[in-house]
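Now for the letters of each chain:
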Amino acid sequence: MKLFDAHSHMHMGPRGLVIPAAVEQTPFTFDGAAIMSTHPRDYIKVDSIVSGLRDRDYRAVPCYGIHPWFLYDVLTSSDDEEVDWLGELKQRLIDHPDAIVGEIGLDGNRWVEVEQSDQSEESIWKRERVLACPMELQRKAFEEQLVLAAELQRPVSIHVVSAWGELFAAFDNVRERMKHKHEQMTVQVVDERRKRRKPKPKLLPPKIYFHAFSGKAGALPSIRSACTKGNIPLEDVYFGFPPAIKNFYAPKTPGIMKEIGIRQMLLETDLEDAKSAWDDLKRGVTGISEALDMTESEVATTTYNNAHRFYFEDM
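Residues numbered from 1 in each chain as written. Predicted model: local features only at pLDDT ≥ 70, side-chain atom pairs only at ≥ 80, totals over all residues. Heavy atoms only, no water.

Student: For this particular structure, what's the right way to read helix α1 (residues 43-55)?
Tutor: Helical geometry note: an α-helix holds 3.6 residues per turn, so side chains three or four residues apart project in the same direction. Its 13 residues give α1 an end-to-end C-alpha distance of 18 Å, which sits within 8% of 18 Å, the value for a rise of 1.5 Å per residue. Taken together, the buried positions of α1 are Y43, V46, D47, I49, V50, G52 and L53. Directly beyond the C-terminal end of α1, a positive phi value near 70 degrees is found at D57. (Helix = DSSP H or I, 4+ residues; strand = E, 2+ residues; numbered from the N terminus. Expected span 1.5 Å × (residues − 1). Buried < 20%, exposed > 50% of the residue type's maximum accessible area, 1.4 Å probe, protein only.)

Student: What exactly am I supposed to notice about the nonpolar core here?
Tutor: Within soluble globular proteins, side chains that are nonpolar tend to cluster in buried spots. One finds I158, F171, F210 and F213 to be the most contacted residues of the largest nonpolar core, which totals 74 residues. For this core, the element with the most residues is helix α4 (residues 135-152), which contributes eight residues. Non-local contacts of F171, meaning those with residues more than four positions away in its chain, are made with F142, L146, I158, L204, I208, F210, A226 and C227. A34, C63, Y238 and L266 belong to the second largest nonpolar core, which has 14 residues in total. (Core = buried A, V, L, I, M, F, W, Y, C linked by side-chain atoms within 4.5 Å. Contact = heavy atoms within 4.5 Å.)

Student: Hey, could you run me through the packing of aromatic side chains in this one?
Tutor: For the coordinates displayed, the defined rule picks out 15 aromatic pairs. For the pair F30 and Y58, a centre-to-centre distance of 5.3 Å together with 50 degrees between the ring planes defines the contact as tilted. With F30 in strand β2 (residues 29-36) and Y58 in the loop between α1 and β3 (59-64), this residue pair connects regions lying 28 residues apart in the sequence. Overall, the relative accessible area of 22% leaves Y58 in the partly exposed class. Ring centres of W164 and F168 lie 6.4 Å apart, and the angle between their planes is 40 degrees; on these two criteria the pair is classed as tilted. A residue pair is termed a helical-turn pair when its members lie 3 or 4 positions apart in one helix, as W164 and F168 do in helix α5 (residues 164-185) at four residues. W164 sits in the buried class, given a relative accessible area of 15%. An aromatic cluster of three or more residues is present, and its members are F4, Y209, Y238, F310, Y311 and F312. The cationic tip of R59 hangs over the ring face of F312; the distance from NZ or CZ to the ring centre is 4.1 Å. The lysine or arginine in question, R110, covers the ring of W69, its NZ or CZ lying 3.7 Å from the ring centre. (Phe/Tyr/Trp six-rings, centres within 6.5 Å; stacked < 30°, edge-to-face > 60°. Lys NZ or Arg CZ within 6 Å of the ring centre and 35° of its normal.)

Student: Whenever I open this one, the packing of helix α2 (residues 68-76) against α4 confuses me. Can you help?
Tutor: When two helices pack together, their arrangement is captured by the angle between the axes and the distance separating the axes. Two elements in contact, α2 and α4, have axes whose closest approach is 10 Å; the angle formed by their N-to-C orientations is 95 degrees. Of the possible angle classes, the one that applies to α2 and α4 is roughly perpendicular. Contacts between α2 and α4 involve P68, L71, Y72 and L75 from the former and L137, Q138 and A141 from the latter. For the contact of α2 with α4, the residue count by class is six nonpolar, one polar and no charged. (Axes fitted to C-alpha atoms, helices over the stretch in contact; angles between N-to-C directions. Parallel < 35°, antiparallel > 145°, perpendicular 65-115°, else oblique. Nonpolar A, V, L, I, M, F, W, Y, C, P; charged D, E, K, R; others polar.)

Student: I tried to follow the pattern of salt bridges on my own but got confused; where do I start?
Tutor: Charged atoms that come close allow side chains of opposite charge to pair. Tallied over the entire structure, the rule returns twelve salt bridges. One salt bridge in this structure joins R41 and D73, with 3.5 Å as the shortest N-O distance. Remark: D73 occurs in helix α2 and R41 occurs in the loop between β2 and α1; sequence separation between them is 32 residues. Its relative accessible area of 38% is what places D73 among the partly exposed residues. Connected through salt bridges with shared partners, the residues R139, E143 and E166 form a single ionic network. (Salt bridge = Lys/Arg side-chain N within 4 Å of Asp/Glu carboxyl O.)

As structure tokens, this is what we get:
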């Protein structure tokens, strides 16, 4: 049975490309990975890892985008953020029609310490915590990347931590922007043959993957509603739970997995060290099978088929 790592950062790891060796006593085989960039400086490394996997007959998907943890560095390293990083990302996607947009997102829990602006003698606190990137900048960049993914009809892998309200607001804005774009492109045609009802245009990226899902089960109806309003079928909305993240072992997680259902789940590691990824892929299969009361064979087969639909169909 084949396992596909739907969210890997092995290009950032200490070992680079490491192919898991065949292991006796396991029915699983490694089939490939989606390599997620986090910063424009990653793009060449992502291309190298993807080429290395494909040269060895594994399946691999290049993923380009800017992670919220590294966004401030990107924005402050250029005088022209709109043309620079966004234009570069768009060209990358055009040059790689099999690529998706990722990893992008919003993070309300990534803090850094800075010197206080008010250094009064009465204050004993000389440093304060602030978000690694202000949320308004995160929102702007996130929306631009979502619009780009929607315009180019590319799937998207999304990171969300303590920012679900901001995500829903961003989805609202993107839907309105895309709706306006589609209305501008609409042309009134008299020909009766052209008056047939057409499918509603997708106002969000065509497939959406909430990687390392950290929300509560109660957030799922709102997430589904937000995607449905964008004319995205719920069968094209996926969720991942990497064993490397502590939420995988939280008491709430089995209930959330049951609410999502195996048909909408992807197997992922979210790891930089490729040598450790194989063990985490197997841990993922075991954890999901226990949560959903399924056999490991069923979990492996279904998540593999899910990854095929997400990454390789209609691309």
